Amino acid sequence: FRVAMLIFLLAGLARLTIQSALFYEDKDFTLGSGGDRMVTYNPKVDPTGAAMASAMTWIETRTAPTNTLAVIPEGVMLNYLTRHENPTPYVVFAFEVWAYGEENMLTAYKKNPPDYIVLVHRDTTEYGHPYFGAAKGFGLDVIEWVQQNYQPVEQIGAEPLQSGAFGIKILKRLPSEAPAN
């Protein structure tokens, strides 16, 4: 019985080892550096990591360290990796919009508008809508406010929050006397 159980366990362990090797085989793209280094999928398999790396490079080379940055609907890792502060208390819009309400969140953005907003594609069907900004109460007012108060300065990949294709858009706040409502 012990021999049969040992063979059974070894076969299961071998299967798990092979599955892990196949899963991690395509993870060879580095994002970040030093203690912040992460390994993600090769861009040929999934373009997300390479797009994030491009966004990081753009932010690090074209913004001041004191500039603020908000990532919508989610992507606080971009804030962390570039060391840019989000001037609002919200980091996962897709979820927090249900908890705090879109109107309250938009008020926080109007009160403390970030210097830059980064729109990162995210399928949000798990929240009942395909994309953030697709419906009233689920980001539509926020996206409209962003479009009125920010100008696109960089796009990486596809237009975010529009189709199934991944993309990132970096927007810079328009100069004004006071934040527009």
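This is a predicted model, so every value here is computed, not measured.

Conventions we followed
The residue numbering used here restarts from 1 in each chain and proceeds along that chain's sequence as written. Local features in this predicted model are restricted to residues whose pLDDT is 70 or higher, and side-chain atom pairs enter the listing and the counts only when it is 80 or higher, whereas totals over whole chains, interfaces and linings include all residues. Side-chain figures throughout are based on the complete set of non-hydrogen atoms in the structure, without hydrogens or water. Here a strand pair is declared whenever DSSP counts at least two bridges between the two strands. Elements are defined by DSSP. Helices are runs of H or I of four residues or more, strands are runs of E of two residues or more, and each kind is numbered from the N terminus. A fitted line through C-alpha atoms serves as each axis, taken over the contacting stretch for helices, and the angle formed by two N-to-C directions is quoted from 0 to 180°. Any two residues having at least one pair of non-hydrogen atoms within 4.5 Å are treated as being in contact. In protein, a polar contact means a hydrogen-donor-capable atom and an acceptor-capable atom, both N or O and within 3.5 Å, with residues adjacent in sequence counting only if both atoms are side-chain atoms; elsewhere, any N or O pair within 3.5 Å suffices.

I keep staring at the sheet that holds strand E4 (residues 116-120) and nothing clicks. Help me out?
Strands pair in a sheet through their backbones, by hydrogen bonds, and they do so in one of two ways: parallel or antiparallel. Taken in spatial order, the four strands of this open sheet run E3-E4-E6-E5, and their pairing is mixed. On the outer flanks of this sheet lie strand E3 (69-72) and strand E5 (150-157), each paired with one strand and no other. Each adjacent strand pair in this sheet contributes to an overall mean axis angle of 20°, direction not counted. Bridging between E5 and strand E6 (residues 167-173) involves seven bridges; their strand directions are antiparallel. If you follow Glu-154 over to E6, its bridge partner there is Ile-170.

For this particular structure, what's the right way to read the environment of Asp-36?
Position of Asp-36 relative to the elements: it lies in the loop between strand E1 (27-31) and strand E2 (38-41). Separated by 78 residues in sequence, Asp-36 and Pro-114 place their C-alpha atoms 24 Å apart. The residues contacting Asp-36, other than those within four sequence positions of it, are Leu-31, Tyr-80, Leu-81 and Arg-83. A distance of 2.7 Å separates a polar atom in the side chain of Asp-36 from a polar atom in the side chain of Tyr-80.

Worth remembering: the numbers are spatial, not functional.
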